[in-house]
Each structure stands twice: as C-alpha cells, then as structure tokens.
Amino acid sequence: MVKILINTISTKKYSGGAFQIAQNFLLKTLEHTDVDWYYITSQDLDDVIGENFNRIKGTKYFVFPTQPDFKNTYAKVKKEVLGLEQRIKPDVVYSITAPSYFTFKTTEVMRFTNPLVTHPNKYSQRKLSFIQKFKTWLYCKNQVRLMKKVHYFITQTETAKQGILRITGEPNDHVCVVNNVLPSVFKNMDNTPIVEDDYINIACVGNPVPHKNFDILPSLIGELKKLGVTKVRFHTTIPFDHPLRTKIEKDLTNMRLMDNWINHGRVSQQELGKIYQRCQLCYLPTLLEVFSASTVEAMFFKLPIVATNFEFNTEVLADSCLYYEPMNAKDAASKFAKLVEDKKLQEEMKVKMAKRLAIYGDYDKHFNEIKKYLIAITKL
C-alpha cells in the first residue's frame with residue numbers, strides 16, 4: 001500500500017482559501033483507505049478538524065505549533081519532523097500549504113498557488129506601499145528559492161502552471177493542474193434563496209489582503225447611488241479588528257451610506273453558506289488570484305457575478321459573468337445597475353453558471369485526480 005505523508009504544518013487559520021482547502025482534503029482522506037495516510041498538521045488546523053483524527057493521533061496524525069515560527073519553536077519542530085520522516089518512510093510528501101519552510105529527503109509534491117510569484121500584474125502592485133512592495137519582493141524571492149528545491153507541483157490553473165514551469169524549468173509533466181472545485185461541505189448545504197427585505201444583497205467575501213481590493217466598496221456604493229441604485233447592501237467577511245474594516249466604516253459613515261454595508265467578521269464555511277443564501281448577487285473585485293473559491297461558491301448559490309476582467313476569472317466563469325475594468329468603480333457600478341434592472345439577464349446568467357459549475361462541482365473527482373498524481377509520483 002502506498003504511504004503518503006500530508007504536510008499542512010504551515011496552514012494558518014487566517015490564510016483564507018488555503019485553510020479551507022486543507023480542511024477538506026484531510027477530511028476526505030478518511031474515506032480513502034486504499035492509501036496509508038500520515039499527517040503532520042498545524043495547531044491551527046487541528047483546532048478545527050482534529051477531533052476527526054483522535055483515533056490515530058500520535059501514531060499517524062501529528063500536531064505541531066503552526067509554522068514557520070522562526071523565533072520560538074521552528075528549530076525544535078524541524079528536528080521532530082525529520083525524525084518522523086525517517087520513522088514513517090513515506091513514498092511521497094504532499095505539502096498542501098507550500099512552501100512550508102521545511103525540506104524533506106522524500107520526494108515532495110508542492111501545491112503551489114501564489115499568484116504573486118507565478119503571474120503578478122500591475123494592478124496588484126498598485127495596492128502596495130513602497131515598504132509592502134519591498135517585503136513582497138523578498139517574500140517571493142524566498143518562495144522561488146524554496147520552489148527550486150522541489151521537482152513536482154500541483155496547481156489550480158493553466159496560467160499558474162505556466163508560471164511554475166517558467167520559474168523552475170521543470171518538464172511539463174512535473175506540474176499537474178487540478179482545478180479548484182466547490183468544497184464538499186457546500187454540496188450538502190441548502191442553497192434555497194432566502195429573501196428577508198427589499199434590499200439587493202451582494203456577497204463580497206474573502207480574506208482582506210490588499211490584492212482582494214475590498215477597499216473599492218465605498219467608491220462603488222457611491223457610484224451606484226449616482227445611478228439611482230440605492231437599495232443594495234454589500235456583505236463582507238473582514239475581521240472586526242482589521243484596519244480595513246475601520247477604513248470602510250469611516251468612508252461610508254462620511255458618505256452617509258452605512259446602510260449599504262454589513263460586515264460579518266471572520267466566519268466558518270457553514271456561516272458563509274447562510275450569508276450566500278441571503279444574497280442575490282456576488283461581487284469579485286480581486287486583482288490577483290490563481291482560482292478563487294468564491295467563484296464556484298457563488299455559482300452554487302445561483303448568484304450572478306460581477307468580476308474583474310482578468311484571465312484567472314474568465315478561465316473559470318467564461319460568459320456566465322459580467323466583467324468590468326479592474327479598479328474602476330464607475331464601470332463596476334454600471335454592470336451592477338444593468339444586472340439589477342434586468343431580471344431576464346440574471347436568469348440567463350444563472351443558466352450559464354449552472355453549466356460552468358458542472359465542470360467545477362465534483363469534489364470527489366478533484367480529490368481523486370490529486371491522489372492519482374501522488375501515487376504516480378511514487379512509481380517514478
């Protein structure tokens with residue numbers, strides 16, 4: 001039986017989609033007993049799903065302080081991980097959140113999905129201060145250094161694959177594209193729309209990193225008001241203690257438009273589903289992605305989408321979405337005004353979204369493609 005070590009030691013609870021992806025993958029392995037699975041897991045991830053692995057804790061499932069923690073536990077954890085690898089003798093290591101700042105003697109497959117490294121663009125750079133640009137440059141240089149120590153990769157889109165090939169110089173078959181899909185937890189949720197008021201509620205969710213561009217919301221709401229679209233309300237999931245929440249609140253208060261925004265703070269996947277249920281549209285202002293989970297989540301909840309016109313969006317959404325010029329609040333407002341006024345257009349988009357979701361809706365297929373690639377690597 002193939003022995004696979006799953007590495008999620010650097011998966012942080014504040015890492016947005018990566019945290020959800022790691023949760024879903026680890027839980028799914030419990031259904032696949034044809035592989036001998038072992039796990040080195042971050043404390044953050046264990047806090048959420050650890051009870052599912054109680055039976056094998058200490059024998060096949062090992063929990064460590066979330067890494068990298070260079071000033072405190074890193075050296076100790078590195079030594080312990082090396083000892084575990086020698087004892088387990090896995091056939092392959094699959095690092096879901098990578099680079100993880102740990103190296104292995106075993107062949108490692110790195111799941112790499114950092115668009116700042118593979119396909120940055122001028123728009124995302126504009127969101128950074130000089131200091132942030134410098135820190136990002138250093139961060140990306142280090143990631144490239146760590147990437148070049150590994151020879152096999154899994155990523156989510158062809159765009160990201162081409163970036164990895166360009167950076168590493170690896171052969172084409174050393175990078176496997178497995179598209180992101182709707183997490184299995186959502187497939188079991190009720191996606192029946194719930195209407196609680198006469199507002200048009202718009203989901204705009206995600207981790208508030210600069211390239212998500214959530215700070216465009218006050219300008220967008222102001223532009224919608226100019227177009228006479230006032231009964232809209234945007235729903236965000238920005239942590240309550242994050243400075244972006246304070247900035248948006250201040251801007252909207254000064255504009256007397258606070259009624260057009262509700263922030264829910266950080267939420268679980270189940271709570272996120274309830275937000276989607278109570279929304280009618282979705283907004284994706286992001287300036288840089290590999291594959292945003294919000295695209296497939298919005299399609300599952302039948303929310304017509306307005307999104308930035310980038311290849312990472314068009315590759316997934318095709319003609320099921322209205323696109324606007326990135327960072328242009330006026331153009332985004334015109335697309336929302338068009339959607340709000342045209343119910344027929346909304347229904348046409350829902351039909352197109354259903355066709356796209358058929359491509360990205362099967363988590364079992366997604367998992368099996370990854371497992372198949374990992375097993376293939378062990379036979380090389």
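Residues numbered from 1 in each chain as written. Predicted model: local features only at pLDDT ≥ 70, side-chain atom pairs only at ≥ 80, totals over all residues. Heavy atoms only, no water.

Chemist: What am I meant to see in helix 12 (residues 293-300) here?
Modeler: An α-helical segment advances 3.6 residues per turn. Residues three or four places apart therefore align on the same side. Most of helix 12 sits out of view: eight of its eight residues are buried. For helix 12, the full list of buried residues reads Ala293, Ser294, Thr295, Val296, Glu297, Ala298, Met299 and Phe300. Sitting at the head of helix 12, serine 292 places a side-chain oxygen 3.2 Å from the backbone nitrogen of serine 294. Of the residues one or two after helix 12, lysine 302 is the one with positive phi, at around 60 degrees. (Buried < 20%, exposed > 50% of the residue type's maximum accessible area, 1.4 Å probe, protein only. Helix = DSSP H or I, 4+ residues; strand = E, 2+ residues; numbered from the N terminus. Polar contact = N/O pair within 3.5 Å; in protein donor to acceptor, adjacent residues only side chain to side chain.)

Chemist: So what exactly am I meant to see when it comes to the sheet that holds strand 11 (residues 281-284) here?
Modeler: In a beta sheet, neighbouring strands pair by backbone hydrogen bonds and run either parallel or antiparallel. What the six strands build is an open sheet, ordered 10-9-8-11-12-13; its pairing is parallel. Each having just a single partner strand, strand 10 (261-263) and strand 13 (321-324) make up the two edges of the open sheet. The sheet shows a mean angle of 25 degrees between the axes of neighbouring strands, taken without regard to direction. Set on the sheet, helix 15 (residues 343-360) makes contact with strand 11, strand 12 (305-308) and strand 13; between it and strand 13 the angle comes to about 105 degrees. (Pairing = 2+ DSSP bridges. Axes fitted to C-alpha atoms, helices over the stretch in contact; angles between N-to-C directions. Contact = heavy atoms within 4.5 Å.)

Chemist: Looking at this model, I keep getting lost on the environment of asparagine 172. Mind explaining?
Modeler: With respect to the secondary-structure elements, asparagine 172 resides in the loop between helix 7 (158-168) and strand 7 (175-177). If we ignore the near neighbours within four places in the chain, the residues touching asparagine 172 are Lys161 and Leu165.

Chemist: Please clarify how helix 1 (residues 17-29) should be interpreted in this entry.
Modeler: Helix length check: helix 1, at 13 residues, gives a terminal C-alpha distance of 19 Å against a target of 18 Å (1.5 Å per residue), a fit within 8%. Helix 1 sits mainly inside the fold: 11 of its 13 residues count as buried. (Expected span 1.5 Å × (residues − 1).)

Chemist: Any chance you could explain the pattern of salt bridges here in plain terms?
Modeler: Opposite charge on two side chains allows them to pair when their charged atoms are near. Across all of its chains, the model carries 17 salt bridges by this definition. For the salt bridge of aspartate 34 with lysine 371, the shortest nitrogen-to-oxygen distance reads 2.9 Å. Here the residue aspartate 34 occupies a position in the loop between helix 1 and strand 2 (36-42), and lysine 371 occupies one in helix 16 (residues 363-378), the gap between them amounting to 337 residues. Between lysine 350 and glutamate 347 there is a salt bridge; the shortest N-O distance is 3.4 Å. Highlighted residues: lysine 350 and glutamate 347, both in helix 15, separated by three residues, approximately one helical turn. Take lysine 350: its relative accessible area is 27%, and that puts it in the partly exposed class. Counted as one network, the salt bridges with shared partners bring together Lys28, Glu31 and Asp364. (Salt bridge = Lys/Arg side-chain N within 4 Å of Asp/Glu carboxyl O.)

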